[in-house]
Amino acid sequence: MTATPDLGTRTPRHASPDLLRSAFRQHAAGVAVITARGENGPVGFTATSLSSVSATPPMLSFGVGTGASSWPAIAEAGHVGVHVLGEHQEELAATFARSGADRFGAPTVWHDGPDGVPVLDGVLAWLVCRVVARVPAGDHRIVLAEVVLGDHSNSGRPLLYHQGRFNGLRD
């Protein structure tokens, strides 16, 4: 016989977008910026869905909404940039998360990297990745990408996202 969990006075809620968002506010996630070269210039967005998928070959994944302004470029891009942000880059994360922001204007510092991918300067680590698949997942796509090259030589503590806010790692 399966035990029924003691819910006390709490009432479970049925699945909904609000339930998912509320549950994931409890989950701390690393913050990354994904970039690509679009038809009209560089595009990018802040992602907390970055995940390592495979060591051999080195592969990662991230989610992107099909309604996002960056989606048309990501949908066509052969390569993307993945940037792991440090705790000192809260404003950079906010810029790439803000709708309508000039994400590549000052004070953002970046350069054209390999395969035309926009590479952000001063991040903890950056990777240029070859897109291998875009998997439909509701109103998002899960992008699978194989790491081609990168740099992880900057030191520092990661930027985290928790409870709807950017935070630093605490001891």
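Refer to the structure printed above.
Peer 1: What is the right way to look at unusual backbone geometry in this model?
Peer 2: Excluding glycine, residues mostly carry a negative phi; peptide bonds, for their part, are mostly trans. Note that the residue after threonine 56, namely proline 57, is joined by a cis bond; omega there is -5°. Within the secondary structure layout, proline 57 lies in the loop between strand E4 (51-54) and strand E5 (59-65). Following alanine 106, the chain continues to proline 107 via a peptide bond in cis, the omega torsion being 15°. Of note, proline 107 is situated in the loop between helix H3 (90-97) and strand E7 (110-112). Even without glycine at this site, aspartate 115 takes up a positive phi of about 60°. Relative to the assigned elements, aspartate 115 resides in the loop between E7 and strand E8 (118-120). One non-glycine residue, glutamine 163, lies in the positive phi region at around 55°. The residue glutamine 163 is located in the loop between strand E11 (159-162) and strand E12 (165-168) in this model.

Peer 1: How should the pairing of E12 be read in this particular structure?
Peer 2: Along any regular strand, the residues point their side chains to alternate faces of the sheet. Here E11 pairs with E12 via four bridges, running antiparallel. Bridge pairing links tyrosine 161 to phenylalanine 166 in E12.

Peer 1: Looking at this structure, I do not really get H3. What am I missing?
Peer 2: Residue pairs spaced three or four apart in an α-helix point in one direction, given the helix's 3.6 residues per turn. Among all positions in H3, only Leu92, Ala93, Ala94, Thr95 and Phe96 are buried. Buried positions along H3 lie against strand E2 (32-38), strand E3 (41-47), E8, E11 and E12.

Peer 1: I'm lost on the packing of aromatic side chains in this one. Help?
Peer 2: Aromatic ring pairs are defined here through the distance separating the ring centres and the angle between the ring planes. Within the structure shown, the criterion is met by four aromatic pairs. Arranged with centres 6.0 Å apart and planes meeting at 55°, the rings of phenylalanine 45 and phenylalanine 62 form a pair that is tilted. Here phenylalanine 62 lies in strand E5 and phenylalanine 45 lies in strand E3, a separation of 17 residues in the sequence. Classification of phenylalanine 45 by relative accessible area gives buried; the value is 9%. Residue classification places phenylalanine 62 among the buried positions, given a relative accessible area of 1%.

Peer 1: When you look at the side chain of threonine 35 in this model, what are you seeing that I'm missing?
Peer 2: Summarising the element assignment, threonine 35 is placed in strand E2. Polar contacts involving the side chain of threonine 35 include one to the main-chain carbonyl oxygen of proline 118, which spans 2.6 Å.

Peer 1: Hey, could you run me through the sheet that holds E12 in this one?
Peer 2: Working definition: the strands of a sheet are paired by backbone hydrogen bonds and lie parallel or antiparallel to each other. With respect to topology, three strands assemble into an open sheet ordered E1-E11-E12, the strand pairing being antiparallel. Because the sheet does not close on itself, it has two edges, and the strands there are strand E1 (29-30) and E12.

Peer 1: Please explain the sheet that holds strand E9 (residues 125-137) as it appears in this structure.
Peer 2: In space, the seven strands of this open sheet follow the order E3-E2-E6-E9-E10-E5-E4, with antiparallel pairing throughout. The sheet is open, and its two edges are formed by E3 and E4, each paired on a single side. Going across the sheet, the axis of each strand differs from the next one's by a mean of 35°, ignoring polarity. As paired elements, E9 and strand E10 (residues 140-151) share eleven bridges and run antiparallel to each other. By the bridge assignment for E10, valine 131 is matched with alanine 145. Along the sheet, H3 makes contact with E2 and E3, crossing E3 at roughly 110°.

Conventions adopted
Residues numbered from 1 in each chain as written. Predicted model: local features only at pLDDT ≥ 70, side-chain atom pairs only at ≥ 80, totals over all residues. Heavy atoms only, no water. Helix = DSSP H or I, 4+ residues; strand = E, 2+ residues; numbered from the N terminus. Pairing = 2+ DSSP bridges. Buried < 20%, exposed > 50% of the residue type's maximum accessible area, 1.4 Å probe, protein only. Contact = heavy atoms within 4.5 Å. Phe/Tyr/Trp six-rings, centres within 6.5 Å; stacked < 30°, edge-to-face > 60°. Polar contact = N/O pair within 3.5 Å; in protein donor to acceptor, adjacent residues only side chain to side chain. Axes fitted to C-alpha atoms, helices over the stretch in contact; angles between N-to-C directions.

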